[in-house]
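Observations on chain architecture
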Amino acid sequence: MATVLLLRHGRTTANASGGLAGRQPVELDDTGRAQAARVGERLRELPLAAVVTSPLIRCRQTLQVALPQAEPVADDGLIECGYGDWEGRPLKELAKEPLWPVVQQHPSAAVFPNGEAMADMSARAVAAVRAWDAKVTAEHGPEAVWLACSHGDVIKAIAADALGLHLDQFQRIVADPASITVIRYTPTRPFLVRLNETGELGSLVPPKTQDREKAAESDAAVGGGAGGGV
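Notes on the structure in this doc start here. (Residues numbered from 1 in each chain as written. Predicted model: local features only at pLDDT ≥ 70, side-chain atom pairs only at ≥ 80, totals over all residues. Heavy atoms only, no water.)

**Thoughts on the nonpolar core**
The following threshold applies: Think of a nonpolar core as a cluster: buried Ala, Val, Leu, Ile, Met, Phe, Trp, Tyr and Cys residues, connected wherever their side-chain atoms sit within 4.5 Å. Each residue is assigned to one of three classes by its accessible area relative to the maximum for its type, calculated with a 1.4 Å probe on protein chains only: buried under 20%, partly exposed between the two thresholds, exposed over 50%. Where helices and strands are cited, they refer to DSSP runs of H or I of at least four residues and of E of at least two residues respectively, numbered from the N terminus.
Core analysis: the biggest nonpolar cluster contains 41 residues, and Trp 86, Trp 146 and Ile 158 have the highest contact counts within it. Those elements that place two or more of their residues in this core are strand S1 (3–8), strand S2 (48–53), helix H4 (91–94), helix H5 (100–105), helix H6 (118–140), strand S4 (145–150), helix H7 (152–162) and strand S5 (180–185). Listed in part, the 14 residues of the second largest apolar core include Leu 5, Val 39, Ala 66 and Leu 147.

**So, the packing of H6 against H7**
Axis angle and axis distance: for two packed helices, these are the angle between their axes and the distance between the axes, and together they describe the pair. The cut-off we apply is this: Note on geometry: axes are lines fitted to C-alpha atoms, helical ones only across the stretch in contact, with angles between N-to-C directions running from 0 to 180 degrees. Reported orientations rely on four angle classes, namely roughly parallel under 35 degrees, roughly antiparallel over 145, roughly perpendicular from 65 to 115, and oblique for the rest. Pairs of residues are marked as contacts when any of their non-hydrogen atoms sit within 4.5 Å. When residues are grouped by polarity, Ala, Val, Leu, Ile, Met, Phe, Trp, Tyr, Cys and Pro land in nonpolar, Asp, Glu, Lys and Arg in charged, and all others, Gly among them, in polar.
Where H6 meets H7, the axes come as close as 9 Å, and the angle between the chain directions of the two elements is 70°. In this view, H6 runs roughly perpendicular relative to H7, as classed from their interaxial angle. Between H6 and H7, the contacting residues are Met 118, Met 121, Ser 122, Arg 124, Ala 125, Val 126, Val 129 and Arg 130 on the first element and Asp 153, Val 154, Ala 157, Ile 158 and Asp 161 on the second. Looking at the contact of H6 with H7 residue by residue, the classes come out as 8 nonpolar, 1 polar and 4 charged.

**Notes on the packing of aromatic side chains**
Spelled out, the test is: Two rings from Phe, Tyr or Trp (for Trp, the six-membered ring) form a pair when their centres sit within 6.5 Å of each other. Planes less than 30 degrees apart are called stacked, planes more than 60 degrees apart edge-to-face, and all others tilted. Over a ring means this: the NZ of a Lys or the CZ of an Arg is within 6 Å of the ring centre and within 35 degrees of the ring normal.
Taken as a whole, this structure holds 4 aromatic pairs when the rule is applied. One aromatic cluster in this structure is built from Tyr 83, Trp 86, Trp 100 and Phe 112. The lysine or arginine in question, Lys 156, covers the ring of Phe 170, its NZ or CZ lying 4.8 Å from the ring centre.

**Quick notes on the sheet that holds S4**
We count it as follows: Between any two strands, pairing holds if DSSP finds at least two bridges.
Pairing within the open sheet is mixed, and its 6 strands lie in the order S3-S2-S4-S1-S5-S6. Where the open sheet ends on each side, the last strands, each with one partner, are strand S3 (73–74) and strand S6 (190–197). Sheet analysis places S5 next to S6, joined by 5 bridges and oriented antiparallel. By the bridge assignment, Ile 180 is partnered in S6 with Glu 197. Running at roughly 40° to S5, helix H2 (residues 30–43) makes contact with S1, S4, S5 and S6 of the sheet. The strands that H7 touches are S1, S4, S5 and S6; relative to S5, the one it contacts most, it runs at about 35°.

**So, the pattern of salt bridges**
This is how the line gets drawn: Definition used for salt bridges: Asp or Glu carboxyl oxygen within 4 Å of a side-chain nitrogen of Lys or Arg.
Here the structure, examined in full by the defined rule, presents 12 salt bridges. Between Asp 29 and Arg 11 there is a salt bridge, with the nearest N and O atoms lying 2.7 Å from each other. Highlighted residues: Asp 29 in the loop between helix H1 (13–17) and H2 and Arg 11 in the loop between S1 and H1, separated in sequence by 18 residues. Judged by its relative accessible area of 29%, Arg 11 is partly exposed. With a closest N to O distance of 3.0 Å, Arg 124 and Glu 116 form a salt bridge. For the residue pair Arg 124 and Glu 116, the accessibility class agrees, reading buried in each case.

Rendered as structure tokens:
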């Protein structure tokens, strides 16, 4: 079967401010555009058989910078989870909601007010990636490589499925902005080839003391990890 590269969009203004963007039309900030440019340099040598994307602008902007010659196909199956009434609110405020610990510890039971169930998000995202993988394999052969640009929670859910993990374990996975996660599907089982690869180690340097509180709030995002799910 073909190999899929799952690319998370670059950092956005919401990531930077600690807000939950959801499906709002937030755009990349300067850091996000720089991240997209760097990931584009890493992707340049790969002969991508297809490029698919979430329809949200932050993913489309990431691909415009990273792969300006590509013609991405938008697929609603890769769109961010529908956070409903939570969208646009600060994460530190959402952390006080009764639903917050459910999202973190039992996400398979989480349904956002006037939004989507996390289980439904996982199911439609996995189905979309598997359908595209089968299509690319049929059209370009089992050695083909293709790319899907999406969001933190979506990529984490797809990675959890590939690892055979229950959705309740997906918060243990991290998908940083502009990171690449690689999966190869086979007739018997998927293989997680790479996870959350950014090609740099600077993000592992401990933050300065005055930045730790802000970093902790960002890391506690709905999707977990470095602002996941926003």
